[in-house]
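In case you want the letters, here they are:
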Amino acid sequence: MDKEAQLVEELVKNALYRMDESTRMIKKSLVDISEDEVWQKPNESLNSIGNLVLHLCGNISQYVISSLGETEDKRHRDVEFSATGGFTKDELLKKLEDVVDTAKRIIFDSTPNQLLKIKSVQGFSFSGVGIILHAVEHYSYHTGQIAFWVKQLKNKDLGFYDGLDLNKKNIF
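Residues numbered from 1 in each chain as written. Predicted model: local features only at pLDDT ≥ 70, side-chain atom pairs only at ≥ 80, totals over all residues. Heavy atoms only, no water.

Undergrad: So what's going on with the pattern of salt bridges? Residues and values would help.
TA: A complete count under the given rule lists ten salt bridges for this structure. The salt bridge involving Lys117 is made with Glu70; its shortest N-O contact spans 3.4 Å. Highlighted residues: Lys117 in the loop between helix 6 (112–116) and strand 1 (118–121) and Glu70 in the loop between helix 3 (49–68) and helix 4 (77–82), separated in sequence by 47 residues. With a relative accessible area of 44%, Lys117 lands in the partly exposed category. Where Lys94 meets Asp98, a salt bridge forms, and the shortest distance between an N and an O atom there is 2.8 Å. (Salt bridge = Lys/Arg side-chain N within 4 Å of Asp/Glu carboxyl O. Helix = DSSP H or I, 4+ residues; strand = E, 2+ residues; numbered from the N terminus. Buried < 20%, exposed > 50% of the residue type's maximum accessible area, 1.4 Å probe, protein only.)

And the structure:
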């Protein structure tokens with residue numbers, strides 16, 4: 001395998017791993033919250049977990065599925081933030097998993113040319129690599145917000161890394 005193919009494979013492998021990590025953390029975060037808490041806002045300037053999940057679905061759809069996957073952009077961003085219900089916790093998780101699975105398939109199938117091609121998304125210009133980086137970091141960012149809000153609601157550690165020794169030193 002040539003260096004270019006190895007680099008593409010490494011980028012894709014790590015992007016998919018990070019997306020799976022965010023999905024795992026969101027699922028773990030939502031285990032102990034009620035249906036009402038899914039739509040509860042910390043205050044008027046912040047979003048509910050339901051809004052954040054809808055927002056993640058919209059953003060990942062727009063960036064990866066529509067732009068990188070070259071399909072019609074059907075996003076209605078304002079609806080993601082104005083919703084006050086309409087989905088159960090399980091329905092939100094299913095919607096998120098479906099969007100993420102579709103996005104992961106598109107990322108996995110991306111060619112080097114697709115990764116280099118410049119696209120316009122939300123008025124910004126990004127290469128396919130930039131689109132993937134945006135989607136992964138945006139997913140991670142809002143995963144942290146969801147985890148923080150659940151920790152605030154439940155006053156408990158979510159145990160994302162239970163059983164792992166995170167104090168191990170780097171070995172070179």
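From this point on, the discussion continues.
Undergrad: Please set out the side chain of Ser48 residue by residue, giving values where relevant.
TA: Summarising the element assignment, Ser48 is placed in the loop between helix 2 (35–38) and helix 3. For Ser48, the contacting residues outside a window of four places in its chain are Val38, Trp39, Gln40 and Lys41. (Contact = heavy atoms within 4.5 Å.)

Undergrad: Give a detailed account of helix 5 (residues 89–109), specifying residues and quantitative values.
TA: Between its first and last C-alpha atoms helix 5 spans 30 Å; for 21 residues at 1.5 Å apiece the expected length is 30 Å, and the two agree. Residues Lys89, Leu92, Leu93, Leu96, Val99, Val100, Ala103, Lys104 and Ile107 constitute the buried set of helix 5. Each buried residue of helix 5 lies within a common arc of 140 degrees when the element is viewed along its axis, so the set occupies one face. Those residues of helix 5 hidden inside the fold are in contact with helix 1 (3–30), helix 2, helix 3 and helix 7 (128–154). (Expected span 1.5 Å × (residues − 1). Arc of directions from axis to C-beta.)

Undergrad: How would you sum up the environment of Arg75? Please name residues and give values.
TA: Position of Arg75 among the secondary structure elements: in the loop between helix 3 and helix 4. Residue Arg75 is classed as buried on the basis of its relative accessible area, which comes to 15%. Arg75 sits 44 residues away from Lys119 along the chain, and the two C-alpha atoms are 16 Å apart. Beyond its immediate sequence surroundings of up to four residues, Arg75 is in contact with His55, Gly58, Asn59, Gln62, Glu80 and Gln122. Separated by 2.6 Å, the side chains of Arg75 and Gln62 make a polar contact. (Polar contact = N/O pair within 3.5 Å; in protein donor to acceptor, adjacent residues only side chain to side chain.)

Undergrad: Any details on the packing of aromatic side chains? Residues and values, ideally.
TA: In this structure the tally under the stated criterion is two aromatic pairs. An angle of 50 degrees between the planes, with centres 6.1 Å apart, marks the rings of Tyr63 and Phe126 as tilted. Here the residue Tyr63 occupies a position in helix 3, and Phe126 occupies one in strand 2 (residues 124–127), the gap between them amounting to 63 residues. With a relative accessible area of 23%, Phe126 lands in the partly exposed category. Between the aromatic rings of Phe124 and Phe126, the centroid separation amounts to 6.0 Å while the plane-to-plane angle is 40 degrees, which identifies the pairing as tilted. In this structure, Arg24 packs its charged tip against the face of Tyr161, placed 5.7 Å from the ring centre. (Phe/Tyr/Trp six-rings, centres within 6.5 Å; stacked < 30°, edge-to-face > 60°. Lys NZ or Arg CZ within 6 Å of the ring centre and 35° of its normal.)

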